[in-house]
Amino acid sequence: MTVTTLKNLYNEYLRKEEISDAADEAWENDYDNEELERAFDEAYREQAEAMNRVIDGIVEITNGRIDKRTAHTMLLKGRDALTSLFNMAA
């Protein structure tokens with residue numbers, strides 16, 4: 001895993017998160033709409049998969065010095081720091 005690959009995975013996660021958030025908002029505005037519910041479910045699943053790829057990438061690139069739990073916390077609570085770090089890298 002390279003820093004560039006991890007950065008790309010992170011950016012993909014951010015895109016999937018935006019899509020998921022938009023799908024969630026659309027469904028909340030029409031919560032009886034089963035099509036919107038399915039669209040949200042799919043978008044959320046894709047976001048979770050993208051998140052797991054980033055978490056696994058952080059663990060891999062640090063040779064396990066950062067574990068999955070810490071990587072998850074970094075992704076959710078340290079987003080500004082991660083974004084700054086990736087912007088400085090590659």
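Presented here is an overview of the structure given in this document. Being a predicted model, the structure only gives us computed values, none of them experimental.

### Focus: the environment of Thr 70
Right, on to step 1. Here Thr 70 is to be found in helix H3 (residues 68–77).
Right, on to step 2. Taking the C-alpha atoms as reference points, Thr 70 and Val 59, eleven residues apart in sequence, are found 9.1 Å from one another.
Right, on to step 3. A polar contact of 2.7 Å, which involves the side chain of Thr 70, links it to the side chain of Asp 67.

### Some points on the nonpolar core
Right, on to step 1. Counting residues in hydrophobic clusters, the biggest one holds 13 residues, and the most contacted among them are Tyr 10, Tyr 13, Val 54 and Leu 75.
Right, on to step 2. Listing elements by their share of this core, those giving two or more residues are helix H1 (3–29), helix H2 (34–61), H3 and helix H4 (79–88).
Right, on to step 3. The element contributing the most residues to this core is H2, with six residues.
Right, on to step 4. Not counting residues up to four positions away in its chain, the partners in contact with Tyr 10 are Val 54, Leu 75, Arg 79, Leu 82, Thr 83 and Phe 86.

About the thresholds
- Residue numbers run consecutively from 1 along every chain, following the written order of its sequence.
- The predicted nature of this model means local features are confined to residues of pLDDT at least 70 and side-chain atom pairs, given and counted, to a pLDDT of 80 or more, with totals for whole chains, interfaces and linings taken over all residues.
- Excluded from the side-chain calculation are hydrogens and water; included are all heavy atoms of the structure.
- Here a strand is any run of E in DSSP of at least two residues, a helix any run of H or I of at least four, and the numbering for each starts at the N terminus.
- The definition of a polar contact used here is a pair of N or O atoms within 3.5 Å, where within protein one atom must be able to donate a hydrogen and the other to accept one, and adjacent residues in sequence count solely through side-chain atom pairs.
- Among the buried residues, those of types Ala, Val, Leu, Ile, Met, Phe, Trp, Tyr and Cys that are joined through side-chain atoms within 4.5 Å form a nonpolar core.
- Only protein chains enter the accessibility calculation, which uses a 1.4 Å probe. A residue is then buried if its area is under 20% of the maximum for its type, exposed if over 50%, and partly exposed in between.
- For this analysis, residues touch if any pair of their heavy atoms sits within 4.5 Å.

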